[in-house]
Amino acid sequence: MAGDKNSKDHGIGKYHDLDLKADVNEQLNEVYSNWADSYDDDNDNKLKTVSQPNTVAMLKRHCTSTDIRIFDVGCGTGIVGEYLLANGFEHFDGTDPSLEMMEHARKRGYENLLKLTPGEPLPAKDNSYDSTMCVGVFTHGHLGSEGFPELIRVTKPDGLICFSVNEGVWESGKFEPAIERHSKAGDWEVLEMTKQDYMVNEGVQAFYVAVRVLVC
Ligand SMILES: C[S@@+](CC[C@H](N)C(=O)[O-])C[C@H]1O[C@@H](n2cnc3c(N)ncnc32)[C@H](O)[C@@H]1O
């Protein structure tokens, strides 16, 4: 696995050890409930994760206004929310399977924080957000490209979806063909797809993708 040299020193090591034959969501819930209190410190100081500012910067590049409603899927402790606020976006909701992670997001400007159940529809109505973010969730053992239809469903036609994909699952998870399939089906048009730093201290990069949802 790319760049796991320090991974035993912090929470990320725990999800590298997932037993993929057993109930992964249950294991992830345990990982994140134990990691919640030290997640931000690991993110900033041990991993030096930059996916949140990178994805918010990508959103900003493709937005004509900051007066939009945003849904942060897999919001965790809400670091994306912190960068949204810093960039002038004030209206955003978050959703995550881990209540312990979301507890920390309360201080970060989310208007609503909603519990998500993996494998079930996202807790939002069709076409309800101008933009949907999904940062750090398309990664080892978490969510695959089967998550795309739900991101499309909750995003308004002409709205944006901005997400990161860990380089370590990009090929094995067949993300590029899945993105192309949605383009060919007329679900979205790809605005940007770049490979940049993700967890700097781990030497791990991510693909950052921005798509515009097409009017059906
Ligand atoms: C690496 S953290 C990223 C959190 C936050 N987006 C960030 O960038 O700091 C991954 C998050 O995905 C959540 N998660 C796990 N499985 C998920 C799923 N199937 N759908 C959405 N989120 C999921 C976890 O609870 C965790 O909070």
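Calculation notes
Residues numbered from 1 in each chain as written. Predicted model: local features only at pLDDT ≥ 70, side-chain atom pairs only at ≥ 80, totals over all residues. Helix = DSSP H or I, 4+ residues; strand = E, 2+ residues; numbered from the N terminus. Rg over C-alpha atoms; globule rule 2.2 N^0.38 Å. Contact = placed C-beta atoms within 7 Å. Core = buried A, V, L, I, M, F, W, Y, C linked by C-beta atoms within 7 Å. Buried ≥ 20, exposed ≤ 12 C-beta atoms within 10 Å, placed from the backbone. Pairing = 2+ DSSP bridges. Right-handed = clockwise from strand over helix to strand, strands pointing away. Near = placed C-beta within 6 Å. Nonpolar A, V, L, I, M, F, W, Y, C, P; charged D, E, K, R; others polar. Axes fitted to C-alpha atoms, helices over the stretch in contact; angles between N-to-C directions.

S.K.: I tried to follow the overall build of the protein on my own but got confused; where do I start?
M.R.: Secondary structure assignment for the protein yields 8 helices and 7 strands. Here the C-alpha atoms of the protein give a radius of gyration of 16 Å, agreeing with the 17 Å that 2.2 N^0.38 yields for 216 residues. Oriented by its inertia axes, the alpha-carbon framework of the protein measures out at about 45 × 35 × 30 Å. A fraction of 70% describes how many contacts in the protein between residues 6 or more apart in sequence connect residues 24 or more apart.

S.K.: I'm lost on the nonpolar core in this one. Help?
M.R.: Soluble globular proteins tend to pack their nonpolar side chains together in the buried interior. The biggest cluster of nonpolar side chains holds 53 residues, and the ones touching the most others in it are V80, M133, I161, C162, F163, V165 and V209. Here the element with the most residues in this core is strand β7 (residues 204-213); it accounts for 8 residues. When sequence neighbours within four positions are dropped, the list of residues in contact with C162 reads T55, M58, L59, S131, M133 and A210.

S.K.: How should the pairing of strand β1 (residues 69-73) be read in this particular structure?
M.R.: Walk down a regular strand and you will see the side chains alternate between the two sheet faces. Buried residues dominate β1, accounting for 4 of its 5 residues. Both β1 and strand β2 (residues 91-96) contribute to a ladder of 5 bridges, which runs parallel. Looking across to β2, one finds that R69 is bridged to H91. Chirality of the crossover, the property in question, places the unit of β1, helix α4 (residues 79-86) and β2 among those that are right-handed. Sheet topology places β1 next to strand β4 (residues 129-138); 3 bridges connect them, and they run parallel. Paired with F71 across the bridge in β4 is T132.

S.K.: Explain the environment of I179 to me, please; I cannot follow it from the model alone.
M.R.: With respect to the helices and strands, I179 occurs in helix α8 (residues 175-184). Accessibility expressed as a C-beta count within 10 Å gives 21 for I179, which makes it buried. Leaving out residues up to four positions away in the same chain, I179 has contacts with V190 and V209.

S.K.: In this structure, what is going on with the site of the ligand? I would like to understand it.
M.R.: What surrounds the ligand is a group of 21 residues, the closest being G74, G76, S98, P118 and G136. Looking at the shell around the ligand, the elements that each hand over two or more residues are α2 (24-46), α3 (51-62), α4 and β4. For the shell around the ligand, the element with the highest residue contribution is β4, accounting for 3 residues. Partitioning the shell around the ligand into residue classes produces 13 nonpolar, 7 polar and 1 charged.

S.K.: Would you take a moment to explain the sheet that holds strand β5 (residues 155-166) for this structure?
M.R.: Across a sheet, paired strands are connected by hydrogen bonds in the backbone, their directions being either parallel or antiparallel. Read across the open sheet, the 7 strands follow the order β3-β2-β1-β4-β5-β7-β6; overall the sheet is mixed. Each end of this open sheet is capped by a strand with a single partner; those strands are β3 (113-115) and β6 (188-199). Across this sheet, the average inter-strand angle for adjacent strands is 15°, counted without regard to direction. Taken strand by strand, α8 contacts β4, β5, β6 and β7, and its axis lies near 160° from that of β6.

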